[in-house]
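# Geometric and topological summary
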Amino acid sequence: MISGVPGSTVATRPQMQLRAEESGGYVGSSESNGGPRIRIGCVDAGSNAIRFLVTEFPDANTQIALHERRLPIRLGHEVFLSGRLTEAAIRATVRAFADFRRTLDALQVRHFRAVATSAVRTAENSGDLIDRIARDADIQLEVISPQEEARLVHSAVAHRIDLAHGDWVLADLGGGSLEISLANAERILWTESHKIGSVRLLEVLSGAEDEPHHFAEVLEAHLDEVRMPPSLGGLSPAGLVATGGNIEAVARLASVPVDASGVQRLSTDALRATISRLADLTCQERIEQLGLQPDRADVVLPAAIVYQRVATLAGVEQIVVPNTGLKDGIVWDILRTTST
């Protein structure tokens, strides 16, 4: 088995040049000149959206995204209150995976992995979704643990930025959970998962968003459990790296420049200003005035407040936004295993 909605927008991005040491031992020089190309596909079935990526490695130093989609299928809708995936979300997801399968076949992708995170981990009827995807799309959807999720995100981050010279705090916020890790360039030293995803918070605080400032105050009360790695022992980390679609949206709203490697550096002052700006607007106003998509406009404020809390606890004045995440980590993991 291997893995969108028909007619959805397809985004392709220009080829990405990678440092030679990022290849993970992919191919030798003899293969890089007209040698075999590796095509890799992956799906990240998150709580707020489903992401699909097909990428190709023509050589050890070049990655080309052939096909990329983000589908606003909110698997986390009602799950964190009822404990069940809705039938509408299941149907939409199965249709999306069937379309992914057609794309994978058309592009002759042989290396593929599809994973699901917090919403599907939580849902008591997740087996129904998995069985229907297997039947209708011939794809095995794998429900991964928070630890595996953190490992894959670390792989993505380590291929984008230099994590040497100390221990870094990684904060990955999805729709259903927040994973905080302490890591260096080689491995994760400590990780902890919190049930504080942006969709989960939105569901729990439903109705409070009608009064934005009140919403922010109520949300603060739900963040008491967030903590830094105890192994820091009161020392400041080398830096804080934040991943997830919401921190990328906040960095864009703050007009933070993107460097040559695709990384942004968001100051905590700019983050606070953006939170204030978002809190002054209703969800509809964020769509109309800021150009946010509906499935981003309602979750971006709680997400930004979570990131602010993490930055405060970490004692940093800057957040590194690498613009990479779980799906990219899956790609690197597959590349590594196919290269050994």
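Everything numeric in this text was worked out from a predicted model, so none of it was measured.

Quick notes on the rules
For every chain, the first residue of its written sequence is number 1, and the numbers climb from 1 along that sequence. Given that the model is predicted, a residue must reach a pLDDT of at least 70 before its local features are reported, and side-chain atom pairs must reach 80 or more before they are shown or counted; all residues, however, enter totals for whole chains, interfaces and linings. Working from all heavy atoms in the structure, the side-chain values ignore hydrogens and water. Strands here are runs of E lasting at least two residues and helices are runs of H or I lasting at least four, both read from the DSSP assignment and numbered beginning at the N terminus. To sort residues, take the accessible area from a 1.4 Å probe on protein chains only and compare it with the maximum for the residue type: under 20% means buried, over 50% means exposed, and anything in between is partly exposed. Per-residue accessibility takes into account occlusion by the displayed protein chains alone, with areas from the Shrake-Rupley method and a 1.4 Å probe. When two rings of Phe, Tyr or Trp (its six-membered ring) have centres within 6.5 Å they constitute a pair, described as stacked for plane angles under 30 degrees, edge-to-face for angles over 60, and tilted for the intermediate range. By convention a nonpolar core is built from buried Ala, Val, Leu, Ile, Met, Phe, Trp, Tyr and Cys residues, the set being connected through side-chain atoms within 4.5 Å. Whether two residues are in contact is decided by their heavy atoms, any of which lying within 4.5 Å being enough. Only the contacting stretch of a helix is used when fitting its axis, a line to C-alpha atoms as for every element, and angles between N-to-C directions run 0 to 180 degrees. Roughly parallel refers to an angle under 35 degrees, roughly antiparallel to one over 145, roughly perpendicular to one between 65 and 115, and oblique to any angle outside these ranges. At least two DSSP bridges between two strands are needed for those strands to be called paired. Grid points spaced at 1 Å over the protein atoms alone were grouped into cavities, where a 1.4 Å probe fits but cannot get out, and pockets, open sets with protein on both sides within 12 Å along at least five of seven lines, with lining residues defined by an atom within 4 Å of a point. Grid points are joined across faces, edges and corners, and a volume is the space filled by probe spheres set on the points. Residues were grouped as follows: Ala, Val, Leu, Ile, Met, Phe, Trp, Tyr, Cys and Pro as nonpolar; Asp, Glu, Lys and Arg as charged; and all remaining residues, including Gly, as polar.

## Some words on the overall build of the protein
The helix and strand tally for the protein stands at 14 helices and 12 strands. Within the protein, the proportion of its 340 residues that are buried is 58%. Split by element, the accessible area of the protein, about 14,200 Å² in all, is 48% carbon and sulfur.

## A word on the packing of aromatic side chains
The full count for this structure, using the stated rule, is three aromatic pairs. Ring centres of Phe57 and Trp332 lie 5.6 Å apart, and the angle between their planes is 65°; on these two criteria the pair is classed as edge-to-face. Taken as a pair, Phe57 in strand β3 (residues 50-59) and Trp332 in helix α14 (residues 326-338) lie far apart in primary sequence, 275 residues in all. Here the aromatic residues Phe52, Phe97 and Phe100 are joined through ring pairs into a cluster of three or more.

## A word on the nonpolar core
Counting 45 residues, the largest nonpolar core has Leu178, Ile180, Leu240 and Val310 as the members making the most contacts within it. Of all elements in the fold, only β7 (168-173), β8 (178-183), β10 (240-243), α9 (245-253), α10 (268-279), α13 (300-314) and β12 (318-321) reach the threshold of two or more residues within this core. In terms of residue count, the dominant contributor to this core is α13 (10 residues). What Ile180 contacts, discounting residues up to four positions off in sequence, is Val169, Leu170, Trp190, Thr191, Glu192, His194, Val226, Arg227, Met228, Pro229 and Val310. Counting 36 residues, the second-largest nonpolar core is a separate cluster that includes Phe80, Phe97, Val120 and Leu202.

## With respect to the packing of α9 against α13
With their axes 9 Å apart at the nearest point, α9 and α13 run at an angle of 90° to one another. By the angle between their directions, the pair α9 and α13 is classed as roughly perpendicular. Residues Asn246, Ile247, Ala249 and Val250 of α9 lie in contact with α13, whose contacting residues are Val300, Ala303, Ala304 and Tyr307.

## Section: the sheet that holds β12
Taken together, six strands build an open sheet; the order of strands is β9-β8-β7-β10-β12-β11 and the sheet is mixed. One side of each edge strand has no neighbouring strand; the edge strands of this open sheet are β9 (188-194) and β11 (264-267). Averaged over all pairs of adjacent strands, the angle between strand axes in this sheet comes to 25°, irrespective of strand direction. Two elements, β8 and β9, share six bridges in a ladder whose sense is antiparallel. Paired with Glu179 across the strands is Ser193, a residue of β9. The strands touched by helix α6 (residues 146-158) within the sheet are β7, β8, β9 and β10, with β9 carrying the most contacts at an inclination of about 125°. Against the sheet, α9 makes contact with β10, β11 and β12, and its axis sits at roughly 75° relative to β11, the strand it touches most.

## Topic: the layout of surface pockets
Over the atoms rolls a probe the size of a water molecule, and its path tells where empty space is left. The space that makes up the largest pocket amounts to roughly 1,100 Å³. What lines the largest pocket is a set of 45 residues, and nearest its centre among them are Arg51, Arg70, Gly245, Glu248 and Arg296. Ranked by residues supplied to the lining of the largest pocket, first place goes to α9 with five residues. Among the residues making up the lining of the largest pocket, the classes are represented as nine nonpolar, 21 polar and 15 charged.

## Considering the environment of Pro322
One can find Pro322 in the loop between β12 and α14. A residue is classified by how much of its surface remains accessible, and Pro322, at 0% relative accessible area, is buried. As for Pro322 and Val241, which are separated by 81 residues in sequence, their C-alpha atoms are 7.3 Å apart.

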